[in-house]
Amino acid sequence: MAQKAKSVTDNVPGEFFVDNTCINCGACRSLAPRVFADGGPTSFVAAQPATEAERFQSFQALLACPVNSIGAVSTDPVTGAITSTKTPKEVHPTFPMRLDGDAGAAARDVRVPLPDGVYYNGFNARQSFGADSYFIHDAAGNWLVDSPRFHPHLLERFQKSGGLNYIFLTHRDDVADANKYATEFGAKRIIHERDLRACPDAEIVLNGAADRVIGDARMIFTPGHTQGHAVLLWKNRFLFTGDHLPWNSAAKALRPFADACWYSWEEQIASVEKLAGLDHVTQVLPGHGERWATIAPGLFPSMIREAATWMRTRNSR
């Protein structure tokens with residue numbers, strides 16, 4: 001639980017705060033971008049919620065935080081006593097959060113299965129440095145893309161939605177609690193052989209540079225961030241990019257992390273260029289960084305070419 005006494009100094013006064021245990025993973029900024037900001041070593045509260053919607057988003061960020069660094073407090077107007085604010089019960093059902101179609105419909109009743117679609121799980125895991133993970137509900141079999149925390153709420157939602165058939169692991173960093181989910185649901189874990197040491201018991205091991213297709217999922221080898229990084233293309237539209245390729249709203253462009261390339265920046269440039277043939281991508285769903293959900297049909301190839309050009313002007317650390 002976040003501690004007010006450890007609150008970072010950049011927080012503006014008010015109900016929400018971030019304490020100094022924050023690892024600056026960015027999950028809070030994705031969920032409540034007007035409230036939370038990047039402070040370098042930690043995130044911080046740049047502006048208190050101005051609307052009920054922003055307050056709700058801030059509580060979503062509190063639940064998603066992998067290290068419980070976000071807190072909410074209220075102050076008694078008479079005594080000045082500070083007490084913790086409980087997360088509204090309406091917040092939990094919004095995870096997994098639908099990213100396509102009607103986002104509200106999936107949250108109305110936790111007793112029924114989630115509709116077919118693409119979801120952000122919330123409940124980010126510390127073991128993956130707070131990376132976002134995703135759930136794909138599909139009549140032909142459900143997928144987990146990277147792993148959230150092993151959390152009772154997610155277990156219940158996955159169970160009611162038919163369990164998990166496959167767990168696709170983009171790379172070694174974001175395995176987190178994948179093994180626990182695989183045991184719970186009998187799901188097959190998928191990872192590339194070059195990152196296999198992170199999940200040595202994986203049921204499906206990707207080999208070499210060839211794509212692998214299972215149903216509507218196409219797995220594409222994209223080394224660079226790590227030696228065995230891969231991305232998943234779902235129904236030719238949704239591209240789950242792990243730590244390979246995020247959106248950057250400030251640049252209004254796709255911007256890989258030059259300061260977080262653990263294997264080869266040159267290979268990562270080549271891997272980005274490899275995606276220029278994906279004409280139908282409309283959403284980029286990364287592990288770290290911002291999601292981009294409104295790519296016009298046919299625009300993605302030019303965005304890829306621009307990103308690769310930019311990458312050549314940068315050196316990785």
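See the structure shown above.
Residues numbered from 1 in each chain as written. Predicted model: local features only at pLDDT ≥ 70, side-chain atom pairs only at ≥ 80, totals over all residues. Heavy atoms only, no water.

Comments concerning the pattern of salt bridges
- What the rule picks out here adds up to 13 salt bridges.
- Measuring nitrogen to oxygen at the nearest pair gives 2.8 Å for the salt bridge that ties Arg55 to Glu15. Remark: Glu15 occurs in the segment before β1 (16-18) and Arg55 occurs in helix α2 (residues 52-64); sequence separation between them is 40 residues.
- Residue Arg55 is classed as partly exposed on the basis of its relative accessible area of 25%. (Salt bridge = Lys/Arg side-chain N within 4 Å of Asp/Glu carboxyl O. Helix = DSSP H or I, 4+ residues; strand = E, 2+ residues; numbered from the N terminus. Buried < 20%, exposed > 50% of the residue type's maximum accessible area, 1.4 Å probe, protein only.)

Quick look at the packing of helix α5 (residues 265-273) against helix α6 (residues 300-311)
- At a minimum axis distance of 9 Å, the contact between α5 and α6 shows a crossing angle of 165°. Taken together, the axis directions place α5 and α6 in an arrangement best described as roughly antiparallel. Helix-helix and strand crossings are classified by hand; for α5 and α6 the assignment is left-handed. Here Trp265, Gln268, Ile269, Val272 and Glu273 of α5 lie close against α6, whose contacting residues are Ile304, Ala307, Ala308, Trp310 and Met311.
- Tallied by class, residues from the contact of α5 with α6 come to eight nonpolar, one polar and one charged. (Axes fitted to C-alpha atoms, helices over the stretch in contact; angles between N-to-C directions. Parallel < 35°, antiparallel > 145°, perpendicular 65-115°, else oblique. Left-handed = near helix turned anticlockwise from the far one by under 90°. Contact = heavy atoms within 4.5 Å. Nonpolar A, V, L, I, M, F, W, Y, C, P; charged D, E, K, R; others polar.)

A closer look at helix α4 (residues 178-185)
- Inspection of α4 places Ala178, Tyr181, Ala182 and Phe185 among the buried residues, and these make up the whole buried set. Take α4 and look down its axis: the buried residues cluster within an arc of 100°, on one side only.
- For α4, the elements touching its buried residues are β9 (143-145), α3 (152-160), β10 (166-168) and β11 (188-192).
- Where α4 terminates, the next one or two residues include Gly186, which has phi positive at roughly 65°. (Arc of directions from axis to C-beta.)

Section: the sheet that holds strand β14 (residues 217-221)
- Taken together, the five strands give an open sheet; going across it, the order is β13-β14-β15-β16-β19, and neighbouring strands pair in mixed fashion. At either end of the open sheet lies a strand with only one pairing partner, and these are β13 (212-214) and β19 (283-286). For this sheet, the mean inter-axis angle between neighbouring strands, taken without regard to orientation, is 20°.
- Of the strand pairs in this sheet, strand β16 (residues 238-242) and β19 are connected by four bridges, and their pairing is parallel. Among the inter-strand pairings, Leu239 is bridged to a residue of β19, identified as Val284. (Pairing = 2+ DSSP bridges.)

Remarks on the environment of Ala2
- Its location among the elements puts Ala2 in the segment before β1.
- In this structure the C-alpha to C-alpha distance between Ala2 and Val18, which are 16 residues apart in sequence, comes to 7.3 Å.
- Beyond its immediate sequence surroundings of up to four residues, Ala2 is in contact with Phe17, Asp19, Asn68, Ser69, Ile70 and Gly71.

Describing unusual backbone geometry
- Backbone torsion omega between Phe95 and Pro96 reads -10°, so that peptide bond is classified as cis.
- Among the secondary structure elements, Pro96 is positioned in the loop between β5 (82-84) and β6 (97-98).
- Despite not being glycine, Phe123 shows a phi value in the positive range, around 45°.
- Relative to the assigned elements, Phe123 resides in the loop between β7 (117-120) and β8 (134-137).
- By relative accessible area, Phe123 is classed as buried at 1%.

Here we look at the nonpolar core
- The biggest cluster of nonpolar side chains holds 68 residues, and the ones touching the most others in it are Trp143 and Phe240.
- Setting aside anything within four residues of it in sequence, one finds Trp143 in contact with Tyr134, Phe135, Ile136, Leu164, Tyr166, Phe168, Ile190, Ile214, Ala217, Met219, Leu232 and Trp234. (Core = buried A, V, L, I, M, F, W, Y, C linked by side-chain atoms within 4.5 Å.)

Quick notes on α3
- Along α3, the residues classified as buried are His153, Leu154, Leu155, Arg157 and Phe158.
- Just downstream of α3, Gly162 is the residue with a positive phi angle, here 100°.

Looking at the packing of aromatic side chains
- Under the criterion given, the structure shown has 13 aromatic pairs.
- Relative to Phe135, the ring of Tyr119 has its centre 6.1 Å away and its plane inclined at 45°; by these criteria the two rings are tilted. With a gap of 16 residues between them, Tyr119 in strand β7 and Phe135 in strand β8 connect regions that are remote in the sequence. Comparing Tyr119 with Phe135, the two get one shared label, buried.
- One aromatic cluster is present, formed by Tyr119, Phe135, Phe150, Phe158, Tyr181 and Phe185 through successive ring pairs.
- Cation over ring: Arg291 sits above Tyr120, and NZ or CZ is 4.6 Å from the ring centre. (Phe/Tyr/Trp six-rings, centres within 6.5 Å; stacked < 30°, edge-to-face > 60°. Lys NZ or Arg CZ within 6 Å of the ring centre and 35° of its normal.)

Description of the pairing of strand β4 (residues 70-75)
- Note: β1 against β4, three bridges, orientation antiparallel. Bridge pairing in β4 places Phe16 opposite Ala72.
- For β4 and β5, the ladder comprises three bridges, and the chain directions are antiparallel. What sits directly across from Val73, in β5, is Ser84.

Everything listed here is a matter of coordinates, which is why it stays silent on function.
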